[in-house]
Amino acid sequence: MKDQFGRNIHYLRLSVTDRCNLRCRYCMPKEGIQKERHDEILSFEEILQLVSLFVKAGIDKIRLTGGEPLVRKKLPNLIEAINRENSIRDFSITTNGILLKHHAKEILDAGISRINISLDTMKASKFREIAQIGDLKDVLEGIATVQTLGFKPIKINTVLIKGVNDDEIEDFINLTRHEDLEVRFIELMPVGGNRGYSRTHFMPNTEVLKRCPDLIPISGTDKSSTASKYLIPGYRGRVGLISPNSHKFCGACNRVRLTADGKMKTCLLSNEEVDLKSALRRNVSVEELIRKNIFLKPGDHHLETGGFVTRNMSAIGG
Ligand code: SAM
Ligand code: SF4
């Protein structure tokens, strides 16, 4: 459906857990997070009810996220049920890849073949520096597994962290030489308890173009895509730049979010939330709430004037 600014809102980012098996420095605070109580998290039945209401309001594209979505038990059952009960044109998942080699086949069989895998470095020691726990090897094996199984498209999400991984920009772009992958550089956003880290390590995506002048823009890119797309002639894959700070894309934003604890967010970078879980549990008309708040989605975010979001990214889903 259309919002007050005439944007067609048809994309839901659905967070299925606030828990994670990594502790990325820009996403989770060092001291860890206050985990939601089990009954604060939406059950599969509640998620299915809410998804069907979002679909009635015009959602036809869903991305599963977290926390780390693959730590949610029986996730393939949820994927399968969402697919069975709704007509979803575009169904995808974003994962850190740690558990992927164990679950990729089940996810594919349940009906998701579009995947984004987050990978900020290809160096094992730096992986530990950024993610604080976990092993790079597991992520690389996960990527190899989805390539073998035929997931498509496969996108690699790389958050650009000044002084930490910007020396690997060329290496990441080189991944696209022989592989049919899209490497997407994401600008750090000042979100949650780690906003100080995100501000001091911020590097604009324009730096990618400076370091790699061979990248040429791909014309005809989907206008609602958050990524500007580039390629190097002769390379199999492509490069995307997601630049919420340096190149705001709010005018083309088509998405809303549902957090694992049942809050609807119509803007990633706003503190406004609508408590759909309580409404659902009190039998209030949730359909009306969803439609009203899609219509009222804010026109743009206010990062440039020092605004920030208090929720950690792991509790929103990115
Ligand atoms: N755990 C999964 C993962 O890492 O792919 C899914 C959730 S994670 C919150 C989704 C995406 O948000 C990841 O690609 C992550 O790198 C990105 N992200 C997290 N915090 C961020 C921040 N402060 N600025 C920009 N991107 C961020
Ligand atoms: Fe976990 Fe993803 Fe956040 Fe890293 S970015 S801490 S993997 S939720």
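Owing to the predicted nature of the structure, the values given are computational and were not obtained by experimental measurement.

Analysis parameters
Residues numbered from 1 in each chain as written. Chains lettered and ligands numbered in written order. Predicted model: local features only at pLDDT ≥ 70, side-chain atom pairs only at ≥ 80, totals over all residues. Heavy atoms only, no water. Pairing = 2+ DSSP bridges. Helix = DSSP H or I, 4+ residues; strand = E, 2+ residues; numbered from the N terminus. Contact = heavy atoms within 4.5 Å. Axes fitted to C-alpha atoms, helices over the stretch in contact; angles between N-to-C directions. Near = heavy atom within 4 Å. Nonpolar A, V, L, I, M, F, W, Y, C, P; charged D, E, K, R; others polar. Polar contact = N/O pair within 3.5 Å; in protein donor to acceptor, adjacent residues only side chain to side chain. Areas by Shrake-Rupley, 256 points an atom, 1.4 Å probe, with all protein chains shown as cover. Buried < 20%, exposed > 50% of the residue type's maximum accessible area, 1.4 Å probe, protein only. Right-handed = clockwise from strand over helix to strand, strands pointing away. Salt bridge = Lys/Arg side-chain N within 4 Å of Asp/Glu carboxyl O. Phe/Tyr/Trp six-rings, centres within 6.5 Å; stacked < 30°, edge-to-face > 60°. Lys NZ or Arg CZ within 6 Å of the ring centre and 35° of its normal.

Asker: So, the sheet that holds strand 6 (residues 181-187): which residues are in play, and what are the values?
Answerer: Taken together, twelve strands build an open sheet; the order of strands is 7-8-9-6-5-4-3-2-1-10-11-12 and the sheet is mixed. The two strands at the open ends of the sheet, each matched to only one other strand, are strand 7 (216-217) and strand 12 (274-275). Contacts between helix 5 (residues 136-149) and the sheet are confined to strand 4 (114-118), strand 5 (154-160) and strand 6, with strand 4 contributing the most and set at about 165° to the helix. Helix-sheet contacts for helix 10 (residues 286-295) involve strand 10 (255-258), strand 11 (263-265) and strand 12, and the interaxial angle to strand 11 is about 25°.

Asker: Describe the site of ligand 2, and please don't skip the residues or the numbers.
Answerer: Near ligand 2 you find Cys20, Leu22, Cys24, Cys27, Met28, Gly67, Asn96 and Ser314, and these make up its full shell. Among the residues forming the shell around ligand 2, the class breakdown is five nonpolar, three polar and no charged.

Asker: Tell me about the site of ligand 1, and name the residues and values.
Answerer: Residues in contact with ligand 1 amount to 20 residues; listed here are only the nearest, Tyr26, Gly67, Ser118, Val159 and Met189. Between Gly67 and ligand 1, the recorded distance is 2.9 Å, taken from a backbone N or O atom to a nitrogen atom. One of the backbone nitrogen or oxygen atoms of Met189 is found 2.9 Å away from a nitrogen atom of ligand 1. Coverage of ligand 1 by the protein chains reaches 95% of its 550 Å² of free accessible surface. Looking at the shell around ligand 1, the elements that each hand over two or more residues are strand 3 (90-95), strand 5 and strand 6. Looking at the shell around ligand 1 residue by residue, the classes come out as seven nonpolar, eleven polar and two charged.

Asker: Mind laying out the pairing of strand 6, listing which residues take part and the relevant values?
Answerer: With seven of seven residues buried, strand 6 lies mostly within the body of the structure. Residues of strand 6 alternate between two faces, with Leu181, Val183, Phe185 and Glu187 on one and Glu182, Arg184 and Ile186 on the opposite face, all of them buried. Sheet topology note: the strand 5/strand 6 ladder contains seven bridges and is parallel. Directly across from Leu160, in strand 6, lies its bridge partner Glu187. Taken together, strand 5, helix 6 (residues 169-178) and strand 6 constitute a β-α-β crossover, and its handedness is right-handed.

Asker: Describe the pattern of salt bridges, listing the residues and the values that go with them.
Answerer: Applying the stated rule across the entire model yields 27 salt bridges. Between Lys277 and Glu40 there is a salt bridge, with its nearest N and O atoms 2.8 Å apart. Of this pair, Lys277 sits in helix 9 (residues 276-281) while Glu40 sits in the loop between strand 1 (11-15) and helix 1 (44-56), and the two are 237 residues apart along the sequence. You can call Glu40 partly exposed: its relative accessible area is 24%. Each of Asp261, Lys263, Lys265, Glu273 and Arg311 takes part in one network of salt bridges that share partners.

Asker: Would you mind going over the pairing of strand 4 in detail, with residue names and values included?
Answerer: Of the strand pairs in this sheet, strand 3 and strand 4 are connected by four bridges, and their pairing is parallel. Residue pairing across strands places Ile93 opposite Ile115, the latter belonging to strand 4. Pairing analysis gives four bridges linking strand 4 to strand 5, with the strands arranged parallel. In the strand pairing of strand 5, Asn116 is matched with Lys155.

Asker: Hey, could you go over the packing of aromatic side chains for me, with residue numbers and the actual values?
Answerer: For the coordinates displayed, the defined rule picks out one aromatic pair. Here the aromatic rings of Phe172 and Phe185 are separated by 6.4 Å at their centres, their planes lie at 85°, and the arrangement is edge-to-face. Of this pair, Phe172 sits in helix 6 while Phe185 sits in strand 6, placing them 13 residues apart in sequence. Summarising the burial analysis for this pair, Phe172 and Phe185 share the class buried. Seen from the ring of Tyr11, Lys61 lies directly overhead, with NZ or CZ sitting 4.5 Å from the centre.

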